[in-house]
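Geometric and topological summary
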Amino acid sequence: MLDPELLERITARRAELDELEEQLAKQLAEVRTERDELAVAERVLERVSEQLAGERASAAPMSGQVGGQAVMLIPHRTSDVEEATLPPDYQRILAAVRQAAGPVMAREVGEVVGVDVSVKAKLEPLRSKLVRLVDRGWLRKLPDGRFTTRL
């Protein structure tokens, strides 16, 4: 005859293992789902990266429309995009930053390129152009707000 105490311990252990199996099956399903999601994300990232690389490769200044006015779009700096593709005012800004003995404030650039720096409304568009050149990789902006050329 079977020992009732031993039989009870076996039944209890079997219940513990069943519960553990259920938890592990749930975790395994979650892991598989996350892996599938990561695979999809990886494919999307690859496609977007390829698309961006293609767009950057073909980046050249193009006319765009903003508020019904034609504007020149500034290309990202890459090895195959020359400074000469920038609009003349952006070329003058780059030249002013290069000619400076070190990092410069927007006001100093404005003095070189002929902007009336005493009028804030005339200085702010210049600052926007400097920031746009930073965003596109043509210049660097230091934490103190000064601008300098890229290395």
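Residues numbered from 1 in each chain as written. Predicted model: local features only at pLDDT ≥ 70, side-chain atom pairs only at ≥ 80, totals over all residues. Heavy atoms only, no water.

Concerning the packing of helix H2 (residues 88-99) against helix H3 (residues 106-113)
Selection criterion: Only the contacting stretch of a helix is used when fitting its axis, a line to C-alpha atoms as for every element, and angles between N-to-C directions run 0 to 180 degrees. Comment: elements are numbered from the N terminus, with helices defined as DSSP H or I runs of at least four residues and strands as E runs of at least two. Roughly parallel refers to an angle under 35 degrees, roughly antiparallel to one over 145, roughly perpendicular to one between 65 and 115, and oblique to any angle outside these ranges. Crossing handedness: left-handed means the near helix sits turned counterclockwise from the far one by under a right angle, and right-handed means the same turn made clockwise. Whether two residues touch is decided by their heavy atoms; if any such pair falls within 4.5 Å, the residues are in contact. In this classification, the charged set is Asp, Glu, Lys and Arg, the nonpolar set is Ala, Val, Leu, Ile, Met, Phe, Trp, Tyr, Cys and Pro, and all remaining amino acids, among them Gly, are polar.
Two elements in contact, H2 and H3, have axes whose closest approach is 9 Å; the angle formed by their N-to-C orientations is 115°. When the axes of H2 and H3 are compared, the pair comes out roughly perpendicular. H3 is crossed by H2, and the crossing has right-handed handedness. Residues Arg 92, Ile 93, Ala 96, Val 97 and Gln 99 of H2 pack against Val 109, Val 112 and Val 113 of H3. Considering only residue class, the contact of H2 with H3 consists of 6 nonpolar, 1 polar and 1 charged.

Let's talk about the packing of H3 against helix H4 (residues 120-135)
To describe two helices that pack against each other, one gives the angle between their axes and the distance between the axes. One way to put it is that H3 packs onto H4 with a least axis distance of 10 Å and a crossing angle of 105°. What the angle tells us is that H3 and H4 run roughly perpendicular. Across the interface between the two elements, Ala 106, Arg 107, Val 109, Gly 110 and Val 113 of H3 pack against Leu 123, Leu 126, Arg 127 and Leu 130 of H4. Of the residues belonging to the contact of H3 with H4, the class tally is 6 nonpolar, 1 polar and 2 charged.

So, the pattern of salt bridges
Between side chains of opposite charge, a pair can form when the charged atoms approach closely. Inclusion rule: Any carboxyl oxygen of Asp or Glu that lies within 4 Å of a side-chain nitrogen of Lys or Arg is treated as forming a salt bridge with it. Residue burial is assigned from relative accessible area. The probe radius is 1.4 Å, only protein chains are included, and a residue is buried under 20% of its type maximum, exposed over 50%, and partly exposed in between.
A complete count under the given rule lists 5 salt bridges for this structure. Where Lys 129 meets Asp 89, a salt bridge forms, and the shortest distance between an N and an O atom there is 2.4 Å. Of this pair, Lys 129 sits in helix H4 while Asp 89 is found in helix H2, placing the two residues 40 residues apart along the sequence. Judged by relative accessible area, which is 24%, Lys 129 ranks as partly exposed. For Arg 127, the salt bridge is made with Glu 124, and the minimal N-O distance between the two is 3.3 Å. Of this pair, Arg 127 and Glu 124 are both found in helix H4, 3 residues apart, which corresponds to roughly one turn of the helix. You can call Arg 127 partly exposed: its relative accessible area is 28%.

These figures come from the coordinates and say nothing about function on their own.
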